[in-house]
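Architecture at a glance
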Amino acid sequence: MVQAVMLMAIYIMIPLILAFSAYEFKTMVTLTFVVFALNFLTFWWELARWLDSWLLTALYSSDTHTRFNMAGFQNTSDDLIMNLVMGSMFIVLPAVWIGALSWAGVTIGGALGNSFKVGTDTAHQAASKGGDLANNAIGQFSAGIDKGMKK
């Protein structure tokens, strides 16, 4: 449910984020990576659930624990370690995953945006020179007309 709500929030915010960023290429790539990261959380949470079940089976099927000791009174150090591992698998690992993919999206989006800018600079400069030539020609033509009218 958490993943579905997070995806819903991102999908609702995408048009606003893109509008406020002026449809910058870097923002679009970053949002693509964030949506992919959120969709991929299913794998990490299922892996954590499987590991949690497997660790419970391995831990409570041994001689140090019994199934009647689910509160963990017999071996508290193993239970503490298991709680830390499970907490990190359900919370820390997905947070690191989303952070890493978001950072990758920002970096790749920035690099692609810069490469597109560099690639189009030549065309921009050529168009700018063409516009300047047209302005000069129009200026000379209108100066000639003004000179002819004054005679």
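Above this text is the structure in question.
Quick caveat: nothing in here was measured; it's all calculated off a predicted structure.

Focus on the overall build of the protein chain
When helices and strands are tallied, the protein chain shows 3 helices and 0 strands. Expressed as a percentage of its 151 residues, the buried residues of the protein chain come to 23%. In the protein chain, the share of contacts with a sequence separation of at least 24, taken over all contacts with a separation of at least 6, comes to 70%. Surface summary for the protein chain: the accessible area is close to 10,800 Å², and the carbon and sulfur share equals 72%.

Focus: the nonpolar core
Membership of the largest hydrophobic core is limited to 10 residues, which are Leu 7, Ile 10, Val 34, Val 35, Ala 37, Leu 38, Leu 41, Trp 44, Trp 97 and Leu 101. Only helix H1 (2-20), helix H2 (25-60) and helix H3 (76-150) provide two or more residues apiece to this core. Counting residues per element, this core draws most heavily on H2, which supplies 6 residues. Ignoring anything within four residues of it in the chain, the contact list for Leu 101 reads Phe 33, Phe 36 and Ala 37.

Some words on the packing of aromatic side chains
Enumeration according to the criterion identifies 8 aromatic pairs in this entry. Their ring planes at 70° and their centres at 5.0 Å tell us that Phe 25 and Phe 116 sit as a pair that is edge-to-face. Residue Phe 25 is found in helix H2, and its partner Phe 116 is found in helix H3; the two are separated by 91 residues along the sequence. By way of ring pairs, the aromatic residues Phe 36, Phe 40, Phe 43, Trp 44 and Trp 97 are connected into one cluster.

About the thresholds
In every chain, residue numbers begin from 1 and rise along the written sequence. Thresholds applied to this predicted model are a pLDDT of at least 70 for local features of residues and 80 or more for the giving and counting of side-chain atom pairs; totals over whole chains, interfaces and linings are not thresholded and use all residues. To get the side-chain values, take all heavy atoms of the structure and skip hydrogens and water. Here a helix means four or more residues in a row that DSSP labels H or I, a strand means two or more in a row labelled E, and each is numbered from the N terminus. Think of it in three bands: with a 1.4 Å probe and only protein chains considered, a residue is buried below 20% of the maximum accessible area for its type, exposed above 50%, and partly exposed in between. Contacts: residue pairs with any heavy atoms within 4.5 Å of one another. Only the protein chains shown count as cover for residues, with accessible areas throughout obtained via the Shrake-Rupley method and a probe of 1.4 Å. In this description, a nonpolar core means a group of buried Ala, Val, Leu, Ile, Met, Phe, Trp, Tyr and Cys residues linked to one another through side-chain atoms lying within 4.5 Å. Stacked, tilted and edge-to-face are the three classes assigned to paired rings of Phe, Tyr and Trp, where Trp is represented by its six-membered ring and a pair needs centres within 6.5 Å; plane angles under 30 degrees give stacked, over 60 edge-to-face, the rest tilted.

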